[in-house]
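Observations on the three-dimensional arrangement
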Protein chains: 4
Amino acid sequence: MAIILGDNQYGKAECRLVRIYRDSKRHEIRDLNVSTALRGPFEPAYLVGDQSNVLPTDTQKNTAFAFAKSKGIDSIESFGLELARHFVRDVDPVEGARIEIEEYAWERAIVDGAEHDHTWLRKGQEIRTAAVTVDASGEHVIGGFKDLVILKSTGSEFAGFLTDDYTTLSETHDRVMATALDAKWRFTTTDVAWDEVYRGIKSILVREFATLQSLALQQTLWHMGKALLETYPCIAEVRLKAPNRHHFSYDIGQFGLDNSNEVFIAADRPYGLIEATILRDDAPDAGQAWRASAGLA
Amino acid sequence: MAIILGDNQYGKAECRLVRIYRDSKRHEIRDLNVSTALRGPFEPAYLVGDQSNVLPTDTQKNTAFAFAKSKGIDSIESFGLELARHFVRDVDPVEGARIEIEEYAWERAIVDGAEHDHTWLRKGQEIRTAAVTVDASGEHVIGGFKDLVILKSTGSEFAGFLTDDYTTLSETHDRVMATALDAKWRFTTTDVAWDEVYRGIKSILVREFATLQSLALQQTLWHMGKALLETYPCIAEVRLKAPNRHHFSYDIGQFGLDNSNEVFIAADRPYGLIEATILRDDAPDAGQAWRASAGLA
Amino acid sequence: MAIILGDNQYGKAECRLVRIYRDSKRHEIRDLNVSTALRGPFEPAYLVGDQSNVLPTDTQKNTAFAFAKSKGIDSIESFGLELARHFVRDVDPVEGARIEIEEYAWERAIVDGAEHDHTWLRKGQEIRTAAVTVDASGEHVIGGFKDLVILKSTGSEFAGFLTDDYTTLSETHDRVMATALDAKWRFTTTDVAWDEVYRGIKSILVREFATLQSLALQQTLWHMGKALLETYPCIAEVRLKAPNRHHFSYDIGQFGLDNSNEVFIAADRPYGLIEATILRDDAPDAGQAWRASAGLA
Amino acid sequence: MAIILGDNQYGKAECRLVRIYRDSKRHEIRDLNVSTALRGPFEPAYLVGDQSNVLPTDTQKNTAFAFAKSKGIDSIESFGLELARHFVRDVDPVEGARIEIEEYAWERAIVDGAEHDHTWLRKGQEIRTAAVTVDASGEHVIGGFKDLVILKSTGSEFAGFLTDDYTTLSETHDRVMATALDAKWRFTTTDVAWDEVYRGIKSILVREFATLQSLALQQTLWHMGKALLETYPCIAEVRLKAPNRHHFSYDIGQFGLDNSNEVFIAADRPYGLIEATILRDDAPDAGQAWRASAGLA
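Residues numbered from 1 in each chain as written. Chains lettered and ligands numbered in written order. Predicted model: local features only at pLDDT ≥ 70, side-chain atom pairs only at ≥ 80, totals over all residues.

For the rest of this paragraph, the subject is the overall build of chain A. When helices and strands are tallied, chain A shows 5 helices and 12 strands. Judged by the C-alpha coordinates and their principal axes, chain A covers about 75 × 70 × 35 Å. Sorting the 297 residues of chain A into buried and exposed places 54% on the buried side. A fraction of 64% describes how many contacts in chain A between residues 6 or more apart in sequence connect residues 24 or more apart. (Helix = DSSP H or I, 4+ residues; strand = E, 2+ residues; numbered from the N terminus. Buried ≥ 20, exposed ≤ 12 C-beta atoms within 10 Å, placed from the backbone. Contact = placed C-beta atoms within 7 Å.)

Listed per partner, the contact involves 7 residues of chain C and 7 residues of chain A. Grouping the constituent residues of the side of chain C that touches chain A by class yields 2 nonpolar, 2 polar and 3 charged. (Nonpolar A, V, L, I, M, F, W, Y, C, P; charged D, E, K, R; others polar.)

For these two chains of identical sequence, chain D goes onto chain A by a turn of 180° and a shift of 0.0 Å along the axis, with RMSD 0.0 Å. Interpreted geometrically, this transformation is the action of a two-fold axis. (Least-squares fit on C-alpha atoms with pLDDT ≥ 70 in both.)

This paragraph deals with helix α2 (residues 57–70) of chain B. The first and last C-alpha atoms of α2 of chain B sit 20 Å apart over 14 residues, in line with the 20 Å expected at 1.5 Å per residue. Along α2 of chain B, the residues classified as buried are Thr57, Thr59, Gln60, Lys61, Asn62, Thr63, Ala64, Phe65, Ala66, Phe67 and Ala68 of chain B. Against the buried residues of α2 of chain B lie β11 (263–266) of chain A, β1 (3–21), β2 (28–39) and α3 (76–90) of chain B together with β12 (271–280) of chain C. Looking one or two places after α2 of chain B, you find Gly72 of chain B, whose phi comes out positive at around 80°. (Expected span 1.5 Å × (residues − 1).)

Helices that pack against each other are described as a pair by the angle of their axes relative to one another and the distance between those axes. All names here are of chain A. Contact geometry of helix α2 (residues 57–70) with helix α3 (residues 76–90) gives a least axis separation of 11 Å together with a crossing angle of 130°. Between α2 and α3, the interaxial angle falls into the category oblique. Pair α2 / α3 crosses with right-handed handedness. Of the residues in α3, those touching α2 at Thr63, Ala64 and Phe67 are Glu82, Leu83 and His86. Class assignment for the residues of the contact of α2 with α3 results in 3 nonpolar, 2 polar and 1 charged. (Axes fitted to C-alpha atoms, helices over the stretch in contact; angles between N-to-C directions. Parallel < 35°, antiparallel > 145°, perpendicular 65-115°, else oblique. Left-handed = near helix turned anticlockwise from the far one by under 90°.)

Moving on, we get to the domain arrangement of chain A. Residue and element names in this part refer to chain A. Annotation of chain A at the domain level lists domain 1 (7–136) and domain 2 (144–297). Across the boundary between the two partners, domain 1 contributes 22 residues, which contact 14 residues of domain 2. Of all the elements in the fold, those that place two or more residues in the side of domain 1 that touches domain 2 are β1 (3–21), β2 (28–39), α3, β3 (96–104) and β6 (127–135). Broken down by element, the residue count for the side of domain 1 that touches domain 2 peaks at 5 residues, all from β6. (Domains from an automatic or database assignment.)

Moving on: helix α3 (residues 76–90) of chain D. Residue and element names in this part refer to chain D. In this model α3 runs 21 Å from its N-terminal to its C-terminal C-alpha over 15 residues, within 8% of the 21 Å that 1.5 Å per residue would give. Three or more residues of α3 are buried, namely Ile76, Glu77, Phe79, Gly80, Leu81, Leu83, Ala84, His86, Phe87 and Val88. Next to the buried residues of α3 lie β2 (28–39), α2 (57–70), β3 (96–104), β6 (127–135), β7 (138–152) and α4 (194–211).

Time to look at the interface of chain D and chain A. Facing 71 residues of chain D, the contacting portion of chain A comprises 71 residues. Put simply, the parts of the chain that give the side of chain D that touches chain A at least two residues each are β1 (3–21), α1 (43–47), α2, α5 (217–231), β9 (235–243) and β12 (271–280) of chain D. Broken down by element, the side of chain D that touches chain A gets its largest block of residues, 14 residues, from β1 of chain D. Residue composition of the side of chain D that touches chain A, by class: 37 nonpolar, 20 polar and 14 charged. Pairing analysis gives 9 bridges linking strand β12 (residues 271–280) of chain A to β1 of chain D, with the strands arranged antiparallel. From the neighbouring strand, Leu273 of chain A faces β1 of chain D, where its bridge partner is Gly11 of chain D. (Pairing = 2+ DSSP bridges.)

Below, the structure is given as structure tokens:
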């Protein structure tokens, strides 16, 4: 029996990189949070403190900022690919690279009825995400978003569930359903119109959430994932995580008031949490696609 | 010399109250965080633990949820007034009430190109705020917002400043200026079209931020406040707090790349913080308008 | 009627300053979050963008770090005084300075049963605070802490309270009482053994919380403040803010289990919030002592 | 090709459960955050909204609180095992259960020099964690903690690293090293003195951090994990995640002051992030031990 080093990686997490395009009077902005991680033969750094194979995390950070200029940022997926390919191809000992990026959306300020050239307000909806892995097995891209807070005020039921000695919940055929959705989808190619596909996916997921008469959050998630896969052949797999943002009907009947699903208290904790993967039965092997750098919460 | 009880208040903070209007198939939503606080002759509760004058904070919470149905929520300012007036008029020992409310905005989901009847996405921009005080001196309403994150990629300078032995900063005539603006404005009447005025004020503040060639964040704040007061005679005073969200130009010149204000690192801490009050020189007395319940951060 | 500039200030918020003393093998550490703000004749910066009286916030930051070496950090109160005096005395246009500091405590790592010379674990209890104001009216020091999370599992009641149509709460004569206490105390002198007084005050506040059979959180706060003022003649006034961290008894009786105050659910929001000032009736004028820079939440 | 449901689970996240033991005047407290998740044949809930196999998350919550009384909380590992076994054995369709628990430590208030019987202050150091999985393959327990913030002011170097065109970092042979350590260790048995082993492991990890002259954070992690495995035969594997809490020496030399590693600025983002697994080469299969419910961040 011996003690050995298993999976490991290191990198620079949460580089807050903002790129302004000033090619015309009408500027453009991309606002990112970039985390890089490298994998390879780093045992000497662990076992004897030998750094000769270790490209500093500070260098990884410099590279991200330099590439923002030299390569540009067409999309977070393509920018992640540029960085990952560079580390694997150009830095000798590196065998694998994992790049995770968050993007924060901005919308142009409206001044005198028109979009302003160089002023924006930060949009607060979902945060777009990408996770790129490049290693000997190939290139993997996962698109996604997190914290899309979405609510429907009717069209949701929960009934007919299993009960035991600890069950006190009542059935309902009309409730508020809300969640802060995290979605991640795995591409099987890198030949993708990234921004356009992103907008299309978000639109589909919102549509399914809105239009399905939901018998359970599970059913809603299934329809979301299924519709996404049916529309985009370039996607093999979707992972959805939906914390239930409970809105409990407040008992105002005790004050002589009728509450027909009009007054709710939004609860913080605890909350139901539903997680599911929906995929093609012939999905190609994911390799290290889902192995996280964990740099971003 | 004696030890005495000074200013005090108590209440229920952060009631997360969601009101759905279901009067037609097209539902409406208002999503609030309500904090109430009462003031009056509560010395016995402190000195000898006598609660006979103390309306429980639990009761205050119940009242807020009941009023969401019985009075409705036209605006957070009017809802705050309803609650404050009730506590002062209807609960005998209470002499003053302070209601602080945050409102989170939602936008309708777009499904097949049309706004959906009962599904929304939470908008992430600014959080609207109101602080209402009712006491023997009258009624005070403060409107406002917090965390309006706004950025301009040019049109901002900082030069000609005072220097001393500890000054190392360089002058600049073109920089990114960004902030997460908090604004609070004091009304001199309660006869106001609250929602309409709110939209107007936000529009003015954004316009001034965007269009002024700024020599300092201070100057931008002054122009914001001045324009607001010139437009709305019903407002006596504006308080602005602007943390500088620094975007530092990243030195990519060391890698042979030209950085003409295109690649920035967004910093977390520390940050410049500018705070200013802009008011009419004949503004009526504010009474307890600015005394906070501190229930909301 | 004219529009004018009212109260204003500017500064650098949240300088995360760590000072290591290495005078012997046994190092010492002080870990601070420093916010500075200056007050004075800064109208030209607002009205016409003239910065000639404006010492940059970047310079204020440099000064804090330089003083950490040249003056040292005996206590956060004395360090705040050094900085505030410097800005008012040495920087010509400055008329007032406000320094707010948080301090994070560390405890020495225990290795083989002994305290280690240069390794520490961050202690998670309360954050110590100081707010220093120096201006033409003199010098004011406010000590304090925030987020002292304290709980007692018995010895707390709540009964005999006022009721109205919205009251549903039951009386209790044995409950869990918990809070995350914020306390601020105003000194009337700067000739104080700051660290020793801090430890003494914390000890008194904890003792009163623990030993009083509490009829209300209000009564507990009064006894805390009174005991503090009786012990320390150098303190004129105490301000306490106590959010009630509710621990609700969980109804396990419905599962045939007896719950005699043994199983609780800790709630997040909403929460009761009690705020009170306790002071000497001959307390000297507070001047600008309580006017915050608001750099720290 | 068909679209199918892959891995899925559902449960109740973040039940904030506080248990007081009142068997004598000297009370005891255990303060937990419990997340449960169930796995099994839940396809009908997804595909057609049929809930007949779905035990509500509300019931899972009730069970946790009931078990806090009926089974008690000896340790978070044993409590997690009780819950997981119950769901798998007693709830018919359930095939696997995953219980994740955080525990917050409290220390007794000191009153008049003695520990108080029923008053505590929350300790702010690390949060202890457990993750228990019970399914057809057996029982898996992972112990751990997160957010142990630890710092050494000397005894750390970083030199001899790989360089490329983007490298600007200088070597150093004396720096501050700090991290907020997350550690997770996998047991190969459930016959463990959980609380005692926890204290032992924490002590070992702190000792290794303190005493190793560190050539890299990687090397420190290796020594931590190795020492832990050498001491505890019941543990097969350790996973460590160490975000580098950078403390940069502040350049006060520009103000004529000598900075010999005495004045630092603590940075927020970005940060280096080192992750490693250290294990026995004959470690038994981990099964689903590391598959997270993700209920806790």
